[in-house]
Amino acid sequence: MTNKTLGVVGLGCIGEASAICLKALGISHVLYTGRHERKEQASKLNAEFTDFDTLLKESDVLIVCCALTEDTREIFNYDAFKKMKSNVIFVNTARGDIVQQDDLVRALEENLVGGVGLDVATPEPLPVDHPLFKCKKRVILPYIGSGTVETRGAMGYIAIDNLAWRERSFLSQSKIEQYGIFRKYRYTCYRINIPVVYFDLSGFGVIRVTYTLITILSQV
């Protein structure tokens, strides 16, 4: 990727981390677009904030890392693909509905893009007879961007912390102390993969910790 231009749609945590990895492969120029400038992240990458159309036209590699909103839904349509370089590598790791998939199929069939990498689609999983599977120059993965044991475990812990933070004003000191003990031993609970620890969120419910998810149970 020496001397290539990277375009990032959504320079949040994932967009920044992806750009850092790609710069190690020789990317020389980083463009990004989004709802507003991300000056702190951009300074680390020497990235330039630009409008959506300019990013489409100038990117050699274009990665989608933004949230799905009404503003971003199907923003990658046929008109967008027509504005891209014919050899662009287009990668979507965000949400399937950000891309108009019928238009993506058409763009691939008409060689408007150089290659496509998808970790997300609509629906998920794609039917085995979906036209995308018949296209050349594409790689489709079943939404496994976060599919490591370590990452899924960390996501579970973040969910617990978020729930506890939300309820913390309702917790007594004893409950807070219980939560501290829970945090201390949470890795052990995760490793043995059974719901050994229950934490009462003062009327909110009970959290059960399992291998890959947090389940909010009914009040007990």
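Structure: above.
Cut-offs used in this document
Counting restarts for each chain, with residues numbered from 1 along the sequence as it is written. Side-chain atom pairs in this predicted model are given and counted only at pLDDT of 80 or more, local residue features only at pLDDT of at least 70, and totals for whole chains, interfaces and linings cover all residues. Working from all heavy atoms in the structure, the side-chain values ignore hydrogens and water. Each reported salt bridge corresponds to a side-chain nitrogen of Lys or Arg within 4 Å of a carboxyl oxygen of Asp or Glu. Helix and strand assignments come from DSSP, with helices taken as H or I runs of at least 4 residues and strands as E runs of at least 2, each series counted from the N terminus. Throughout this description, buried means an accessible area under 20% of the type-specific maximum (1.4 Å probe, protein chains only), exposed means over 50%, and partly exposed covers the range between. Here a pair means two rings of Phe, Tyr or Trp (six-membered ring of Trp) with centres within 6.5 Å. Their orientation is stacked below 30 degrees between planes, edge-to-face above 60, and tilted elsewhere. In this scheme, the term charge over a ring applies when either NZ of a lysine or CZ of an arginine sits within 6 Å of the ring centre and within 35 degrees of the ring normal. As used here, the arc belongs to the directions running from the helix axis to the C-beta atoms. Whether two residues are in contact is decided by their heavy atoms: any pair within 4.5 Å suffices. Take the buried Ala, Val, Leu, Ile, Met, Phe, Trp, Tyr and Cys residues and link them wherever side-chain atoms come within 4.5 Å; each set so joined is a nonpolar core.

Asks: Is there a simple way to explain the pattern of salt bridges in this structure?
Replies: Across all of its chains, the model carries seven salt bridges by this definition. Between Lys83 and Asp53 there is a salt bridge whose closest N-O contact spans 3.2 Å. On the criterion of sequence distance, the pair formed by Lys83 in helix α4 (residues 78-83) and Asp53 in helix α3 (residues 52-58) is long-range, its members being 30 residues apart. Accessibility expressed as a relative area gives 35% for Lys83, which makes it partly exposed. A salt bridge links Glu70 to Arg73; the shortest N-O distance between them is 3.5 Å. Several salt bridges converge on common partners, so that one network encompasses Glu70, Arg73 and Asp97.

Asks: What should I look at first to understand the packing of aromatic side chains in this one?
Replies: A ring pair, where both rings are aromatic, is described by two values, the distance of the centres and the angle of the planes. Summed over all chains, the structure comprises five aromatic pairs. Look at Phe76 and Phe81: their rings are 6.5 Å apart centre to centre, the planes differ by 35°, and that puts the pair in the tilted class. Taking relative accessible area as the criterion, Phe76 reaches 0% and is therefore assigned buried. With a centroid separation of 5.4 Å and 85° between ring planes, the pair formed by Phe81 and Phe90 is classed as edge-to-face. Here a set of aromatic residues connected by ring pairs shows up, and it is made of Phe52, Phe76, Phe81 and Phe90. Lying across the ring of Tyr78, Arg106 places its NZ or CZ 3.6 Å from the centre.

Asks: What exactly am I supposed to notice about helix α1 (residues 13-23) here?
Replies: Counting along an α-helix, one turn takes 3.6 residues, and residues three or four places apart therefore face a common direction. All buried positions along α1 are accounted for by Gly15, Glu16, Ala19 and Leu22. Around the axis of α1, the buried residues are gathered within 130° of arc, so they sit on the same side. Exposed and oriented more than 90 degrees from the buried face of α1 are Cys13, Ile14 and Cys21. Close packing links the buried residues of α1 with β1 (5-9), α2 (39-45) and β4 (61-64).

Asks: Looking at this structure, how should I read the nonpolar core?
Replies: Nonpolar side chains tend toward joint burial in soluble globular proteins. Ranked by size, the top nonpolar core spans 30 residues in total, and within it Leu62, Val64, Phe76, Phe81, Met84, Phe90 and Leu104 carry the most contacts. It is helix α5 (residues 101-109) that provides the largest number of residues to this core, a total of four residues. Leaving out residues up to four positions away in the same chain, Leu62 has contacts with Gly7, Val9, Leu55, Leu56, Phe76, Met84, Val88, Ile89, Phe90 and Val91.

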